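# A look at the structure
The chain contents come next:
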Amino acid sequence: MPHFPRGLVALLFLLAMLALSRAARACTLWAVNGSDVAGGGSLLVKNRDYPPGHPTSFALVTPKHGHKIMAMLSTGTGQPSLVGGVNEKGLAVITAAVGSIPRAERKRRTEAGGLVYPVRPMLERFATVREVAAAKELLAGVRPIFAIVADAHEVAVLESSGQVWKIEVVPRDAFTAHANHPLLVDTPDMRQEPDAPGSVVRLRRIRELWAGLAKPVDLAAAAALALDQADGPDRSILRTGSTPDKARTVGLMAAWLPPGGGAPRVILRVIDPLDGRR
């Protein structure tokens, strides 16, 4: 069974304590598997964006029942939320907010329906994308969310409005990306607001950056795309925020899920949105 070597765990926690330069709750996600991945398997990356006051942290979560998780956490007021992670079986989940549904409505649907954030239950219970896709009861109870789910062999995209959901396995060798507007679920309950211009720009840009990379791509090169600032402080992949209250990039999680049962390799970054020190 794949496991996280002690040396790797120590390195991950060291990386998580490093601060990078400065960079509405939002994220950019991207993933690929197959021949474009150096060494095979799958790559996936999450840039986490949020206004100041909800920093990123990382922890090795060991549930009483279920798989161990290297977790990306949103912290601040209230209980930390798992917004991404990789488990000991080599399954990874990364998420982004549904910008096409107002935040108050997302909260109302979640509370009224008893809906759940999907990262922890998926990573505790499952080892493969196919297992996640077959978990109809869990998927029907997911709060409004966008997610990319990956193992060493497959990548899938999940969209849920809290009322309608769809999960789609990405064709092998295909690159996929997601920001904060819907791509799969085209229903009125999902499209309550127009696609945010910044979300559209970030999605277009990450696709451009991927297309320009020499293939095959390794973990470091995939993660380096997260540093792009070509579209200004509020619409770039790496957002710095044009005013103190604007969303900016506050963390990164990137993972390589190698074929053959190898242990996942992970890059973690904590970004201090108000400091600017590396």
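On to the overall build of the protein, then. Tallying secondary structure elements over the protein gives eight helices and 13 strands in all. Considering the protein as a whole, with its 278 residues, one finds that 55% of them fall into the buried category. Element-wise, carbon and sulfur atoms account for 55% of the exposed surface of the protein, whose accessible area totals about 11900 Å².

Among all positions in helix 2 (residues 103-113), only Glu-105, Arg-106, Arg-109 and Thr-110 are buried. Along the axis of helix 2, the buried residues cluster in a sector spanning 135 degrees; they form a single face. Residues of helix 2 that are exposed and angled more than 90 degrees away from the buried face: Arg-103, Ala-104, Lys-107, Glu-111 and Ala-112. Backbone geometry just downstream of helix 2 places Gly-114 in the positive-phi region, at approximately 60 degrees.

Right, let's get into the packing of aromatic side chains. The final tally for this structure, using the stated rule, is one aromatic pair. Centroid distance Phe-175 to Trp-210: 4.9 Å. Interplanar angle 10 degrees. Geometry classified as stacked. With Phe-175 in the loop between strand 10 (165-169) and strand 11 (176-178) and Trp-210 in helix 6 (residues 197-212), this pair connects stretches of sequence that are 35 residues apart. A cation sits over an aromatic face here: Lys-215 above Trp-210, 5.1 Å from the ring centre.

Membership of the largest hydrophobic core comes to 29 residues, with the highest contact counts inside it found for Leu-44, Val-86, Ile-148, Met-253 and Leu-257. If you list the elements that add at least two residues to this core, you get strand 2 (26-33), strand 5 (69-74), strand 6 (81-87), strand 7 (92-96), strand 8 (145-150), strand 9 (155-160), strand 12 (248-257) and strand 13 (265-271). Contact partners of Ile-148, with chain neighbours within four places excluded, come to Leu-29, Trp-30, Ala-31, Leu-44, Ala-92, Val-93, Ile-94, Val-155, Ala-156, Val-157 and Thr-176.

Take the side chain of Arg-48 next. Relative to the elements of secondary structure, Arg-48 occurs in strand 3 (residues 42-50). One buried charge, Arg-48, has no salt-bridge partner; the nearest side chain with opposite charge is Asp-49, at 8.3 Å.

Attention now goes to the pattern of salt bridges. Summed over the entire model, instances satisfying the criterion amount to 13 salt bridges. Two residues, Arg-191 and Asp-195, come together in a salt bridge whose shortest N-O distance is 3.0 Å. Here Arg-191 falls in the partly exposed class, since its relative accessible area comes to 34%. Members of the salt-bridge network, linked through shared partners, are Arg-204, Arg-205, Glu-208, Asp-228 and Asp-231.

Each regular strand carries side chains that alternate between the two faces of the sheet. Along strand 13, six of the seven residues are buried, which leaves the element largely enclosed by surrounding structure. Pairing of strand 12 with strand 13, which is carried by six bridges, proceeds in the antiparallel orientation. When the bridges of strand 13 are listed, Leu-252 appears paired with Arg-269.

With that out of the way, let us pick up the sheet that holds strand 7. Overall, antiparallel pairing links the seven strands, which are arranged 4-5-6-7-8-9-10 in an open sheet. Only two strands of the sheet have a single partner each, and these edge strands are strand 4 (56-61) and strand 10. Sheet twist, expressed as the average angle between the axes of neighbouring strands with direction ignored, equals 20 degrees. As defined by bridge partners, strand 7 adjoins strand 8 across five bridges and the pair is classed as antiparallel. Looking at the pairing, Ala-96 lines up with Phe-146 of strand 8.

Quick notes on the rules
- Each chain has its residues counted from 1, following the order in which its sequence is written.
- Owing to the predicted nature of the model, reporting of local features is limited to residues with pLDDT of at least 70; listing and counting of side-chain atom pairs is limited to 80 or more, with chain, interface and lining totals taken over all residues.
- In computing side-chain properties, one takes all heavy atoms of the structure into account and sets aside hydrogens as well as water.
- Only runs of H or I of at least four residues qualify as helices and only runs of E of at least two qualify as strands under DSSP, and these elements are numbered from the N terminus.
- Residue exposure (1.4 Å probe, protein chains only): buried if accessible area is under 20% of the type maximum, exposed if over 50%, otherwise partly exposed.
- Each accessible area is a Shrake-Rupley result for a 1.4 Å probe, and residues are judged covered by the shown protein chains and nothing else.
- Along the arc lie the directions from the helix axis toward the C-beta atoms.
- Note on ring pairs: Phe, Tyr and Trp rings are taken, using the six-membered ring of Trp, and paired if centres are within 6.5 Å. Classes follow the plane angle, with under 30 degrees stacked, over 60 edge-to-face and the rest tilted.
- A positively charged side chain is recorded as over a ring if its NZ (Lys) or CZ (Arg) lies within 6 Å of the ring centre. The angle to the ring normal must also be within 35 degrees.
- We call a set of buried Ala, Val, Leu, Ile, Met, Phe, Trp, Tyr and Cys residues a nonpolar core when their side-chain atoms join them within 4.5 Å.
- Contacts were defined at the residue level, with two residues in contact if any of their heavy atoms lie within 4.5 Å.
- Charged residues are defined narrowly, with Lys and Arg counted positive, Asp and Glu counted negative, and His plus the chain ends left uncounted.
- Salt bridges are defined by distance alone: a side-chain nitrogen of Lys or Arg within 4 Å of a carboxyl oxygen of Asp or Glu.
- Any two strands between which DSSP finds at least two bridges are classified as paired.
- Inter-axis angles, ranging from 0 to 180 degrees, are taken between N-to-C directions of lines fitted to C-alpha atoms, where helices are fitted over the stretch in contact.

Interpretation in functional terms is not warranted from these geometric data alone.
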